[in-house]
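# Examination of the molecular architecture
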Amino acid sequence: MLSRGLSILRCFRPGEQELQLSELARRADMPKATAHRIVVELVKEGMLERGENGLRLGVALFVLGTRVPRQLELRDLALPYAQQLRHLTQGSVFVFISDVCGAEAALVDAVRRVPGGGDARGAEEENRASALAAARLFHAYGARAALPARREPVPAEDPARVQAQGFVVVRSRTGAVSIAAPVLNASSAAVGALAVAGPDGRVQPVKAAWYLQAACAAVSRSLRRTPECVPAW
């Protein structure tokens, strides 16, 4: 039951607010009746909430997430650099950690640029592009096992090329660009990432990558000085 409940919670992808029960059942690869029983329990515990158009992740899940020591440590160390990157690159800056399976990039915090008029959709594209860039980075560094077959795969990157250049660039169809660089632990595993995102043309990938790599190197050094907060998975 626990594993099935977790599979339901993991159905939500970055940027998705609500999902219908039928879609949850499909993504979790279980009968709709089974998914319904599990959803009822998750709603009762506050892990899921009922919205206007479906189900959404609950406040209780968020509260638990804010207590994760590794997340808090990385956020505290990376946030000053994220604020500097925001001014240096003129883009939004995102702090990510890799999940326990290395299958997803989990957002820890963000320092966002001030959007122009009518730029709300652009902000959403920046969120997606930065999450995809971080996910590609984690996969290229081999953080952990590949995604389960039933889940949406992350487009492949050549691991050797990514590790040689030290960053990943993602461009969306709507003109957003994101650059992500890794935060490495003492074993050179990518346990976190910083990403810069913004309109293509405003954010310069080569310049942003240089600033990102310098910031990530500084955060990595700080993490290595506090190894008890960053378990070597």
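Everything below is about the structure printed above this text.
One structure accompanies this document, and this report is about it. None of the values given here were measured: they were computed from a predicted structure. (Residues numbered from 1 in each chain as written. Predicted model: local features only at pLDDT ≥ 70, side-chain atom pairs only at ≥ 80, totals over all residues. Heavy atoms only, no water.)

On a plain count of helices and strands, the protein comes out with eight helices and seven strands. In the protein, buried positions account for 45% of the 233 residues. Excluding contacts between residues fewer than 6 apart, the proportion of contacts in the protein whose partners are at least 24 apart in sequence is 58%. For the protein, the accessible area works out to roughly 12,200 Å², and carbon and sulfur atoms hold 55% of it. (Helix = DSSP H or I, 4+ residues; strand = E, 2+ residues; numbered from the N terminus. Buried < 20%, exposed > 50% of the residue type's maximum accessible area, 1.4 Å probe, protein only. Contact = heavy atoms within 4.5 Å. Areas by Shrake-Rupley, 256 points an atom, 1.4 Å probe, with all protein chains shown as cover.)

Let's shift gears to the packing of helix α2 (residues 21–28) against helix α3 (residues 32–44). Between α2 and α3, whose axes approach to 9 Å, the crossing angle comes to 110°. Put simply, α2 runs roughly perpendicular to α3. In this structure, α2 contributes Leu 21, Ser 22, Leu 24 and Ala 25 to the contact, and α3 contributes Lys 32, Ala 35, His 36 and Val 39. Grouping the constituent residues of the contact of α2 with α3 by class yields five nonpolar, two polar and one charged. (Axes fitted to C-alpha atoms, helices over the stretch in contact; angles between N-to-C directions. Parallel < 35°, antiparallel > 145°, perpendicular 65-115°, else oblique. Nonpolar A, V, L, I, M, F, W, Y, C, P; charged D, E, K, R; others polar.)

Moving on, we get to the environment of Asn 53. Mapping Asn 53 onto the fold places it in the loop between β1 (48–50) and β2 (55–57). Separated by 35 residues in the primary sequence, Asn 53 and Glu 18 place their C-alpha atoms 6.6 Å from one another. Excluding its chain neighbours within four sequence positions, the residues that come into contact with Asn 53 are Glu 18 and Gln 20.

What follows concerns the environment of Arg 27. Along the polypeptide, Arg 27 turns up in helix α2. By relative accessible area, Arg 27 is classed as buried at 10%. Here Glu 23 takes part through its side chain, which lies 2.7 Å from a polar atom of the side chain of Arg 27. (Polar contact = N/O pair within 3.5 Å; in protein donor to acceptor, adjacent residues only side chain to side chain.)

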